[in-house]
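Below are the chains, spelled out letter by letter.
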Amino acid sequence: MGEIKSIAVIGSGQMGGGIAQVAAVAGFGVTVFDKSNDALTRCKSDHAKRLARMVEKKQVEQDAADAALARIKYVHHLDLIAGADAVVEAIVEDAKVKADLFAHLAKIFTAGQVLATNTSSISITEIAAAADHAHKGAGERVIGMHFFNPVPVMKLVEVIKGVQTSPDTTERVIALAKAMGKTPVPANDRAGFVSNRVLMPMINEAFYAWMEGVAEPAHVDEIMKLGCNFPMGPLRLADFIGLDTCVHIMNVLADGLNNDRYRACPLLKQLVAAGRLGDKTGRGVFDYPKAP
Ligand SMILES: NC(=O)c1ccc[n+]([C@@H]2O[C@H](COP(=O)([O-])OP(=O)(O)OC[C@H]3O[C@@H](n4cnc5c(N)ncnc54)[C@H](O)[C@@H]3O)[C@@H](O)[C@H]2O)c1
């Protein structure tokens, strides 16, 4: 298969919605699938609102915004994405759920399509193995394409090759990331790759600092913002990422690097158990009264 002209995005949450938007604005045909109808409906209305805001801010012309929206299809059945040249998966950060999905994708995408995952931390090699098991050779088309939040703003795409990933797949994903206006940077397939290997333990430590009474959450963040020149503090960033996603990533680091120092802080886990997931639920470490 040659150049990628259309992509399927699986998962229409924070990341999938952003990836679909950026791809459509860049001229790709986009098909979005989510197992939740509510999530899909929310994603569609978010796209309309965000594109309207881009027109207001003169970032795109009205015609281009209309054309971008017209390029996105929202589908309620996974098999309806089958015509795409590439898949970017952005569902829940759970190794078993992702492996099952890629096994299914390997069977419906048999014409050389790239199968990319936006996982923050899960082994690409293991996801590729699940694809290979379902359809021999499919693992060479599996690759990590790790976007950052918010996708329309953040330039980086961490590109992670699994053991099975072919050079052709890597080249095509680098070209795709560039065509979406992003900067692809390679990293190897170790738990957390580079970004979360470094970032997540810092966020986790901020929860420990709060739990142990070193400082109030707002002060933890203020110290890190002013002291390290971060645009936002680690606890605010955790809310933005999603506290559930932070716990998932810490679990992957602890298991993948076989070291208990990466275990999620009990206070972080407790907030997740209480349904305080951050911006997306209106409450995490901090409160977000206007959230959906
Ligand atoms: N949030 C971040 O800052 C961030 C950054 C980079 C990468 N990621 C990764 O992106 C992925 C998605 O994260 P998010 O923040 O967008 O999560 P999210 O909770 O906002 O969205 C996930 C979506 O996937 C859907 N979903 C779950 N299981 C599914 C399945 N089996 N089939 C189809 N849809 C399914 C859910 O209904 C939900 O709409 C995760 O792997 C996460 O680690 C997140």
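None of these values were measured; they are calculated from a predicted model. (Residues numbered from 1 in each chain as written. Predicted model: local features only at pLDDT ≥ 70, side-chain atom pairs only at ≥ 80, totals over all residues.)

Thoughts on the nonpolar core
As a reminder, the rule being used: A set of buried residues drawn from Ala, Val, Leu, Ile, Met, Phe, Trp, Tyr and Cys, joined through C-beta atoms within 7 Å, is what defines a nonpolar core. Buried, partly exposed and exposed are defined by the number of other C-beta atoms within 10 Å of a residue's own C-beta, namely 20 or more, between the two limits, and 12 or fewer respectively, with C-beta atoms placed from the backbone. Throughout, the edges of the domains are those of an automatic or database domain assignment.
Core analysis: the biggest nonpolar cluster contains 84 residues, and Ile 7, Val 9, Ile 19, Val 87, Phe 102, Ala 131 and Cys 246 have the highest contact counts within it. Lining this core are residues from two domains, each supplying at least three of them: domain 1 (6-188) and domain 2 (197-281).

Observations concerning the site of the ligand
What counts here: Only the C-beta atom matters for this test: placed from the backbone, it must lie within 6 Å of a molecule or strand for the residue to be near it. Runs of H or I in DSSP of at least four residues are treated as helices and runs of E of at least two as strands, each being numbered from the N terminus. Each residue receives one of three labels: charged for Asp, Glu, Lys and Arg, nonpolar for Ala, Val, Leu, Ile, Met, Phe, Trp, Tyr, Cys and Pro, and polar for the others, Gly being one of them.
Around the ligand sit 28 residues in total, of which Gly 11, Gly 13, Met 15, Ala 39 and Asn 149 are the nearest. Breaking the shell around the ligand down by element, the ones donating at least two residues are α1 (14-25), α4 (95-108) and β6 (142-147). Classifying every residue of the shell around the ligand by side-chain character gives eleven nonpolar, 13 polar and four charged. Two domains share the shell around the ligand, each providing at least three of its residues, namely domain 1 (6-188) and domain 2 (197-281).

A short note on the environment of Met 200
Short version of the rule: Note on contacts: residues are paired as contacts if their backbone-placed C-beta atoms lie within 7 Å.
When you line up the elements, Met 200 lands in helix α7 (residues 195-211). Judged by the 26 C-beta atoms lying within 10 Å of it, Met 200 falls in the buried class. C-alpha separation for the pair Met 200 and Ala 238, spaced 38 residues apart in sequence, amounts to 8.8 Å. Those residues in contact with Met 200, other than ones at most four positions away along the chain, are Gly 192, Cys 246, Ile 249, Met 250 and Leu 253.

Looking at the pairing of strand β8 (residues 183-188)
Test applied: One bridge is not enough; two strands pair if DSSP finds at least two bridges between them.
Sheet topology note: the strand β7 (residues 156-161)/β8 ladder contains six bridges and is parallel. Bridge pairing in β8 links Glu 158 to Val 185.

Points about the pairing of strand β2 (residues 29-33)
In terms of residue burial, β2 counts as a mostly covered element, since four of its five residues are buried. For strand β1 (residues 6-10) and β2, the ladder comprises five bridges, and the chain directions are parallel. Residue Ala 8 lies in a different strand from β2, and its bridge partner there is Thr 31. Here β2 pairs with strand β3 (residues 72-75) via four bridges, running parallel.

What to know about the domain arrangement of the protein chain
Considered domain by domain, the protein chain is made up of domain 1 (6-188) and domain 2 (197-281). Using C-alpha coordinates to define each centre, domain 1 is positioned 26 Å away from domain 2. The interface of domain 1 with domain 2 comprises eight residues on the first partner and nine residues on the second. In terms of residue class, the side of domain 1 that touches domain 2 is built from one nonpolar, five polar and two charged.

Concerning unusual backbone geometry
Residue Pro 150 follows Asn 149 across a cis peptide bond; omega there is 0°. Assignment of secondary structure puts Pro 150 in the loop between β6 and β7. The backbone of Lys 58 shows a phi angle near 60°, a positive value even though the residue is not glycine. Its place among the elements puts Lys 58 in the loop between α2 (37-56) and α3 (62-70). Its identity as a non-glycine residue notwithstanding, Asn 229 has a phi of 60°, on the positive side. Along the polypeptide, Asn 229 turns up in the loop between α8 (217-228) and α9 (234-241).

Thoughts on the sheet that holds β3
Think of a sheet as strands paired side by side through backbone hydrogen bonds, with each pair either parallel or antiparallel. Under the convention used in this document: To get an axis, a line is fitted to the C-alpha atoms, and for a helix only the part in contact is used. The angle between two axes follows their N-to-C directions and goes from 0 to 180 degrees.
What the eight strands build is an open sheet, ordered β3-β2-β1-β4-β5-β6-β7-β8; its pairing is mixed. Only two strands of the sheet have a single partner each, and these edge strands are β3 and β8. Going across the sheet, the axis of each strand differs from the next one's by a mean of 25°, ignoring polarity. Taken together, the four bridges between β1 and strand β4 (residues 86-89) define a ladder with parallel strand orientation. Considered in β4, the bridge of Ala 8 is made with Val 87. Contacts between helix α5 (residues 124-134) and the sheet are confined to β5 (114-117), β6 and β7, with β6 contributing the most and set at about 135° to the helix.

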